[in-house]
Every structure is written in C-alpha cells, then in structure tokens.
Amino acid sequence: MDLFEHQGKELFARYGLPVPVGEAAFSADEAVAAAQRLGLPVVVKAQVHTGGRGKAGGVKLAADIDEVRRHAEGILGLDISGHTVRRLWIEQASDIAEEYYASFTLDRSARQHLGMLSAEGGVEIEAVAARAPEAIARIHIDPVDGLSAEQCRHWVRAARIPGAAADSVADVLAALYRVYVDADADLVEVNPLIVTSGGEVVLLDSKVTLDANSTFRHHDYAAYDATQTRDEREQAAHAKGLQYVGLDGSVGVIANGAGLAMSTVDVVNQVGGRPANFLDIGGGANAEVMAGALEVINNDPAVRAILINIFGGITRGEEIAVGIVEATGRVDIDSPIVIRLDGTNAAEGRELLEPHLSDALMMEPTMLDAARRAVDLAGAGDGAGRS
Amino acid sequence: MSIFVDERTRVVYQGLTGSQGRYYGLLNRDYGTQVVAGTNPRKAGTDVDGVPVFATVAEASAATGATVSCVFIPAPGVPEAILEAAEAQMELVVVITEGVPAHDEALVFNKLRRDHPGVRLLGPNCPGIISPGKCNIGITAGHIALPGGPVGIVSRSGTLTYQALYELKQQQIGVTTCVGIGGDPVPGTTFVDCLAAFEADPETRAVMMIGEIGGSAEEEAAEFIADHMTKPVAAYVAGVTAPPGKKMGHAGAIVSGGKGTAAAKMEALTEAGARVGQNPTEAGQLMVEIVASL
C-alpha cells in the first residue's frame, strides 16, 4: 500500500519527526482556505502515488492567495505518469540550505534491512547511484539488533553530512527506523531531508509503502487501503477479493496461482496478443470465485476474448469444470471463452465440459494452443489496445 | 536419494487441529508421509484421526521422534511457531501459511541464523516439499509426481511447480525432490540452498528451476550455477511481460526501479550455462532433452 506524501508526513509527525505544517485540500477553494490558515508563502503539492511530480509541474510555490488559487486549479486534474491529481497538500514553505537523502527498505538478498543516506539529496537517488555510488552510505541492519544511536552517528559521518547538522540527522534516522519497523513499511524514503538556513533539520518529502500483510495488527490501515490508486476494473476486483492487475490489451486472463497467471500473461504476449489483465483466482476454482472473476473481466469493454488457464493440483478437474459451467450460467458473458484444463482429473473435467462447448465456450489441450485460440478470437490487428 | 526429506522423516504438524492443517496433514499421511504428531496447547491429549496432539513441539518430538515440523498456523502466530519448532531442535520447519508480514519474516530468519544455525526454514508462503514416493509435506498434489529421479525441482511458484511435475510425469521422467521455496520477500530457503543440495545428491542428475520477477534470487542462483554446478539446469522465469511497479500476486513479484526483470534473470541464467525456456512447456521440453542426453 502506497501512502500519499501527506499521509507519510502525518505518520512521521506521530514519531516526533520534524515535518512542515500543512493541510490536505481537494479543491482550489479548500487550498485557498488552507493557505489563509497556514500563512504565506505556501507550497502547493500534488498528491499522487508516483514520483517526478516536480518535473511534471505538480509542485509550485505560491507567494500570495491568487497564486495559491491559480496553482491549485492548474495542478488538480493534472496527469502525472498516468495518475490524475485529485488531492493537494498545502504546506508552509521551507527555506532550504542543504538537501540530503535517507531511506530504509528490505535488502532481500542480504535478508536484512538496508539504510541508505546521502548528502546529495533532492535528486533521484538512482541518478546519484549511477553517477557517484560512493556518495551513498549504506548500512545493513540486523532486525534482531535494531539500529543503535552509535550506528547512526557512524553512518552520518560515512555519508559526510556536515558537522552542524550531524547530530540532528542521526536522531532523525533513529526515529525514522522506528517508523519503518513499527509501521511494517516496505519502504520509508525522505528526499529531500533538508537543513534550513536556520539550521533546523526537516523532512520535506515522504515516500512510504506499507506491507498489506500487516493489516491484522494495524487496524487503521483500512483508511490507507481506501485511498489506493486503482482503476475501475481493479477496484471492482479488489472488492471481490481477487488478485487483479489491469493491463491494456484485449485478452482477459483467468488462472489459478500467481505464477501460472503471470506465465499466462507472458504466453498471450508471446503468441502475438495483448492481455487485458492479470487475475489469480487462487488455489480452488469454485463457481462463486469463477463467476466473480468472469464478471470483472466481462465489465472491461476492451476484452474481446477470455482465456481461462487452470491447472488442477489438490483441486480436482471435475470440480473446476463444474465451477466454470455454473459460473458461465450465472454471468452473461459478451466474449468467447477458451479453456485450458490440465492436471489432476483433467480428463474427467474435460468430459464434463464437453456438452457445453460452443463457439462461445471452447477448450484447447495446452496452454499455448489455448493462448493462440484466444488471441485469434480477440482479433488480429489488435495493436492499438486501450487508448 | 532425495534432499531434505525422505521415507524416514517423521513430521509434527503445528496447527493440525485447524481446518487447513487437518485437511493437508491427513492428505500427506495418505500419501505415505510419517505424520506422527500435531500440536495445539488447548487440545493436548486429543487426536486428529488417530494422530496424537501435544501441547508443544518439544513434547511432540520427545514422544514421537519427530524431527521436521510443518506449520499451518494463521499468519499472526507464525513467528512464534517457527521459534518454538527451532527451540525443539527441528531440523526443518516448513511454513505453508501465507500473508506473514515481511518484517516478521526478516526478524525470524535472522534469529534462526544467529541462535539456531542448524535449523532449515522453508517458506513462509510455500507449497512445501515432496520427495515423490517417500514423503510429501505441504499442499502439493502428490500423485502428479513420478517417484525416482533423475530430476530435482526448485520453484518460487506453486502452480508452475505442479505444472512442471505433471509435464515430467507425462514424459515418464521421475523426480528426486521438489522444493517450493515460495514467493515471499524473505524465504527461509533459497534457490542456492537447493541447488547446492541437488548438486551433492548422487541420485539427482539434472535440476529444473522455476523463478519469477522481483528480487535477485535468480541472479544469485545463476552465479552459483556458473561457479559450482556440474549438473545441467533447465530454467523458466515467469513475468517477462509484467509492468514495472505492479505486484503480480506474490508479495515478492514486483519489478521496481528497473531491477528484478525476467529478461535480466533469463540472461543471467543463460550466461551461467542453464537452458532457459520461454514458457513452462518449453522449459519442460528442454528438461526432456537434457534427461535423454544424460
């Protein structure tokens, strides 16, 4: 789950971390009212779950109320890397003297946490890593030990953070690590972490991704879940508890298991088609789940053929076949369906499907054959996809 | 031979009294696995279809000689369950449970590395391990695998593993052991661990490896293959066409910052000398060719 910048900052503030004072706004009027309460100058910032806001014109300084209104109107509705701006964060402008970078994430290959700190902040860290990898001080943190104050001081020196700010930055890092652990974050990133001309250290931006698996101990995360960026299809699938990712083609994909679903998407591409989605219905394939999946795919106007790719393991082929037949009876499907059914008791399953086969419901013996058939049905010349 | 588990392996199921634990525990027993005990502190002294239930893993182990544990506990209780098994000196802890937070996984893995270096953790969020004809621990459908050899399988994905087992069986090719390492960010057992074990197992003469996008486990496997494997490897990596920044079902399966792409993984594996298929069927065919030439 991705947090908006302001949600991340509100989380930081709960740990006593210094962030600029601000307010969320959903219209130009709200932005103006917020600026009047906060005092000028303010920064009007687009709240989207993607980077590169500054370059896209999504972050603007406003010296007076007219400017606040003009910028708010300009930024609301702006498209930033496919994300439409619907919310703003209005915050008191900061006076920047220095810009640093700090982050915590999991290093999967070391199987420990990784902290990264650089005195060269305010730019993309990937660019710093490519140009001057020595400018990023990395520290591995054993989750059993945590991060000590002494380690923070060493780390700050290794990153060549100037002496005047060193102690404050070390304190910020220690608190930020607590946020990262307590919040079950996949990523906590602050870029830039600034020093003002008055010598104060302030977290001027936030990028926080939370682990959706941790919601059982964070009951307040439902509020974050409600603000995730999903297209209509993804929203509908999410409501049904389906693992769905929207793509831009015309072949709807249903498979059981994440690996098989990913593989099905690959194979559709390999035989010259374009998948409309990734959809994993999980281990079983009962009629209810299958009907829900078909409904979500059927509501996607770009879909012109549906590929159901099921491999029976513990779940037997005949149960899957019954599920598909029942589901197609419940939902009125606009596109032809191609089924590949293999694995445990596949022969029995196919026999059950046989009497229901038509030019709306087809069966193919292998994954490749089924993908070819579905792509063929979706129509040649499907180069354009969704606009 | 096989790796990690065989016909002598005695297994205790933590969570045997729950619906999933009971269902798969008894299926595993039907397959021939020595399912000797279950645990549940509130149901000690009872039994599940004849399998005795104990309060703790230590008691179960003392009474039945279990040396491997299989965990079907809901996600919030998983860290404690793993540590309990480790303290009872289980050699292998297989965690089927999905949805365990990554921070819990990292914490427990590092605790084991420090305090219980002799304990092997498999999972969380994995289908388990099967040495066909000998022992099946977890949720793999045992009958889709042909016992014997010469192929060892290691995979990050459940259904693709089943598909691989099934395709090999159709070709009358046997499997020594099939290990599902799971798709989570901090797997207890990695590709490299399994490749090393297969390399050392005299009965395994070729290895099939199924990877997916995200992380760098496949690249590390490629390095190991280049430096240490004498046995041939056929590989497949799912998610070639996955868009960056989107999680594809598994918590680990995400392409971020241009890293963890299937293309990079396939290239690394090819350079390491593995034969890489473009889809699961092709990888299966490559394995058929490899086995024919052994």
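Procedures and definitions
Residues numbered from 1 in each chain as written. Chains lettered and ligands numbered in written order. Predicted model: local features only at pLDDT ≥ 70, side-chain atom pairs only at ≥ 80, totals over all residues. Helix = DSSP H or I, 4+ residues; strand = E, 2+ residues; numbered from the N terminus. Rg over C-alpha atoms; globule rule 2.2 N^0.38 Å. Buried ≥ 20, exposed ≤ 12 C-beta atoms within 10 Å, placed from the backbone. Contact = placed C-beta atoms within 7 Å. Core = buried A, V, L, I, M, F, W, Y, C linked by C-beta atoms within 7 Å. Pairing = 2+ DSSP bridges. Axes fitted to C-alpha atoms, helices over the stretch in contact; angles between N-to-C directions. Parallel < 35°, antiparallel > 145°, perpendicular 65-115°, else oblique. Left-handed = near helix turned anticlockwise from the far one by under 90°. Domains from an automatic or database assignment. Nonpolar A, V, L, I, M, F, W, Y, C, P; charged D, E, K, R; others polar. Right-handed = clockwise from strand over helix to strand, strands pointing away.

Draft legend 1. Focus on the overall build of chain B. Within chain B one finds 9 helices and 14 strands. Relative to the globule expectation of 19 Å for 294 residues, the C-alpha radius of gyration of chain B, 18 Å, shows essentially globular dimensions. Projected onto its principal axes, the C-alpha coordinates of chain B cover approximately 55 × 40 × 30 Å. Taking all 294 residues of chain B together, 62% fall into the buried category. A sequence separation of at least 24 residues applies to 72% of the contacts in chain B between residues at least 6 apart.

Draft legend 2. Representation of the nonpolar core within the structure. Core analysis: the largest hydrophobic core is formed by 152 residues, its most contacted members being Leu-307 of chain A together with Val-71 and Val-93 of chain B. Ignoring sequence-local partners within four residues, the contact set of Leu-307 of chain A consists of Val-251, Gly-252, Val-253, Thr-264, Val-268, Val-338, Ala-370, Ala-371 and Ala-374 of chain A. Counting 42 residues, the second-largest nonpolar core is a separate cluster that includes Leu-11, Ala-165, Leu-193 and Val-202 of chain A.

Draft legend 3. Looking closely at the sheet that holds strand E1 (residues 10–14) of chain B. Residues and elements named next belong to chain B. With mixed pairing, the 7 strands of this open sheet are ordered in space as E3-E4-E2-E1-E5-E6-E7. Edge strands, defined here as strands with exactly one partner in the open sheet, are strand E3 (47–48) and strand E7 (120–122). Together, E1, strand E2 (34–39) and E3 form the strand contacts of helix H1 (residues 19–31), whose direction differs from that of E2 by roughly 160 degrees.

Draft legend 4. Inspection of unusual backbone geometry at higher detail. For the bond running from Leu-40 of chain A to Pro-41 of chain A, omega is -5 degrees, close enough to zero to count as cis. Mapped onto the elements, Pro-41 of chain A comes out in the loop between helix H2 (28–38) and strand E2 (42–46). In the segment running from Gly-123 of chain B into Pro-124 of chain B, the intervening peptide bond is cis, with an omega of 5 degrees. Although it is not a glycine, Asp-184 of chain A adopts a positive phi angle of roughly 55 degrees. As for its position among the elements, Asp-184 of chain A is in the loop between helix H6 (163–182) and strand E10 (185–196). The phi angle at Asn-125 of chain B is positive, at roughly 60 degrees, despite the residue not being glycine. Here Asn-125 of chain B lies in the loop between E7 and strand E8 (128–131). Note on Asn-125 of chain B: 25 C-beta atoms within 10 Å, which makes it buried.

Draft legend 5. Region of the structure containing the environment of Ala-221 of chain B. All names here are of chain B. Here Ala-221 is to be found in helix H7 (residues 217–228). Among the residues examined, Ala-221 registers 28 C-beta atoms within 10 Å and is labelled buried. Sequence separation between Ala-221 and Ala-268 is 47 residues; the distance between their C-alpha atoms is 9.0 Å. Beyond its immediate sequence surroundings of up to four residues, Ala-221 is in contact with Phe-191, Val-192, Leu-195 and Met-209.

Draft legend 6. Looking closely at the packing of helix H9 (residues 258–270) of chain A against helix H13 (residues 367–378) of chain A. Residue and element names in this part refer to chain A. Where H9 meets H13, the axes come as close as 9 Å, and the angle between the chain directions of the two elements is 60 degrees. By the angle between their directions, the pair H9 and H13 is classed as oblique. Where H9 crosses over H13, the handedness of that crossing is right-handed. Only Met-367, Leu-368, Ala-371 and Val-375 of H13 make contact with H9, whose side of the interface consists of Thr-264, Val-267 and Val-268.

Draft legend 7. Structural context of the domain arrangement of chain A. Domain assignment breaks chain A into domain 1 (21–92), domain 2 (96–224) and domain 3 (232–378). For domain 1 of chain A and domain 3 of chain A, the distance between their C-alpha centroids amounts to 43 Å.

Draft legend 8. Summary view of the packing of helix H11 (residues 317–330) of chain A against helix H12 (residues 346–353) of chain A. Residues and elements named next belong to chain A. Look at H11 against H12: their axes get within 7 Å of each other, and the N-to-C directions meet at 25 degrees. With respect to their mutual orientation, H11 and H12 come out roughly parallel. Viewed along their axes, H11 and H12 form a crossing whose handedness is right-handed. Each of Gly-317, Glu-318, Ile-320, Ala-321, Val-322, Ile-324 and Val-325 in H11 lies in contact with H12, whose residues at this interface are Ala-346, Glu-348, Gly-349, Leu-352 and Leu-353. Among the residues forming the contact of H11 with H12, the class breakdown is 8 nonpolar, 2 polar and 2 charged.

Draft legend 9. The arrangement of the domain arrangement of chain B in detail. Residue and element names in this part refer to chain B. In terms of domain boundaries, chain B breaks down into domain 1 (10–122) and domain 2 (141–292). For domain 1 versus domain 2, the distance between C-alpha centres works out to 26 Å. Contacts between the two partners involve 9 residues from domain 1 and, on the opposite side, 9 residues from domain 2. Within the residue set of the side of domain 1 that touches domain 2, elements represented by two or more residues are helix H4 (102–115) and E7.

Draft legend 10. Highlighting the pairing of strand E6 (residues 92–95) of chain B. Residue and element names in this part refer to chain B. Burial along E6 is two-sided: Leu-92 and Val-94 facing one way and Val-93 and Val-95 facing the other are all buried. In terms of handedness, the path from strand E5 (residues 68–71) via helix H3 (residues 78–87) over to E6 forms a crossover that is right-handed. Pairing between E6 and E7: 3 bridges, direction parallel. Each residue of the ladder has a partner; that of Leu-92, found in E7, is Arg-120. Once the chain exits E6 it traverses H4 before rejoining the sheet at E7, and the crossover so formed is right-handed.

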